[in-house]
Amino acid sequence: MSDIVNRCRIVLVAPDISDPVIAGEIMGNALRGGDVASVILPQYAMDDSGFQKYLETLVPIVQKANVAAFVAGDSRAAVRVKADGLHIAEGMDVFEDAIGRFSPDMMVGGGRAKDRHSALQIGEMRPDYIFFGKLEGDIKDEAHPKNIALAEWWASLVEIPCVVMAGQAIESIVDVAESGAEFVALRLAVFAVPDQAPQMVAEANALLDEKAPRFGR
């Protein structure tokens, strides 16, 4: 994940919309709203064929905006569509296998760290980033306090970037940024009302510009 802005940056998690034309239009509009570091594209309930067609539409749209496209759920499809990276939400064995097979040709990140011990186990694999939370974990307005606490600890100790899942409220990105996390993941906060996605990205960036701490590096 790139880091051209010297503060916490946005990672968009694509909404659960399987129609590639509709999803592509929504994502393209969202990316015109302001700075986005990367987009994670989950498979949700799509079958493999449907996900392949979805990625064939979405990945070029994301990359055309100079944003990194990460595929979650199907490494073979990710390779076929020339995605920038893989997001791994499964267990340690799957994570380790993906890093061994695809890094450094593709970026590999993610994880299911529930505590400091499992986070350090993931860190030993040297992923491109660690993810605190679940891709569909924005079930409340605020980010989960445990993920915020893990990010504070991680950011103060480890150089590998971390991404924290925010809540449904756009204002929840402030708590994430203040933790020291390099990236904040947004899903429903941006896409709950698809027509408002560009405005939500713009508002999120304005909040980060105003309130996110600046990094020393």
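Residues numbered from 1 in each chain as written. Predicted model: local features only at pLDDT ≥ 70, side-chain atom pairs only at ≥ 80, totals over all residues. Heavy atoms only, no water.

Participant: Is there a simple way to explain the packing of aromatic side chains in this structure?
Facilitator: Aromatic rings in a pair are described by how distant their centres are and how their planes are angled relative to each other. Inspection of every chain in the model, using the stated rule, returns 4 aromatic pairs. For the ring pair Phe51 and Tyr54, a centre distance of 6.0 Å and an interplane angle of 20° mean the geometry is stacked. Within this pair, Phe51 and its partner Tyr54 are both found in helix 2 (residues 48-64), separated by 3 residues, close to a single helical turn. Of the two residues examined, Phe51 and Tyr54, each falls in the buried class. (Phe/Tyr/Trp six-rings, centres within 6.5 Å; stacked < 30°, edge-to-face > 60°. Helix = DSSP H or I, 4+ residues; strand = E, 2+ residues; numbered from the N terminus. Buried < 20%, exposed > 50% of the residue type's maximum accessible area, 1.4 Å probe, protein only.)

Participant: I'm lost on the packing of helix 5 (residues 116-124) against helix 6 (residues 145-157) in this one. Help?
Facilitator: In a pair of packed helices, the angle between the axes and the distance between the axes together describe the arrangement. At a minimum axis distance of 11 Å, the contact between helix 5 and helix 6 shows a crossing angle of 45°. By the angle between their axes, helix 5 is oblique relative to helix 6. Once helix 5 is placed against helix 6, the crossing between them reads as right-handed. Contacts between helix 5 and helix 6 pair Arg116, Ala119, Leu120 and Gly123 from the former with Leu150, Trp153 and Trp154 from the latter. Residue classes in the contact of helix 5 with helix 6 are distributed as 5 nonpolar, 1 polar and 1 charged. (Axes fitted to C-alpha atoms, helices over the stretch in contact; angles between N-to-C directions. Parallel < 35°, antiparallel > 145°, perpendicular 65-115°, else oblique. Left-handed = near helix turned anticlockwise from the far one by under 90°. Contact = heavy atoms within 4.5 Å. Nonpolar A, V, L, I, M, F, W, Y, C, P; charged D, E, K, R; others polar.)

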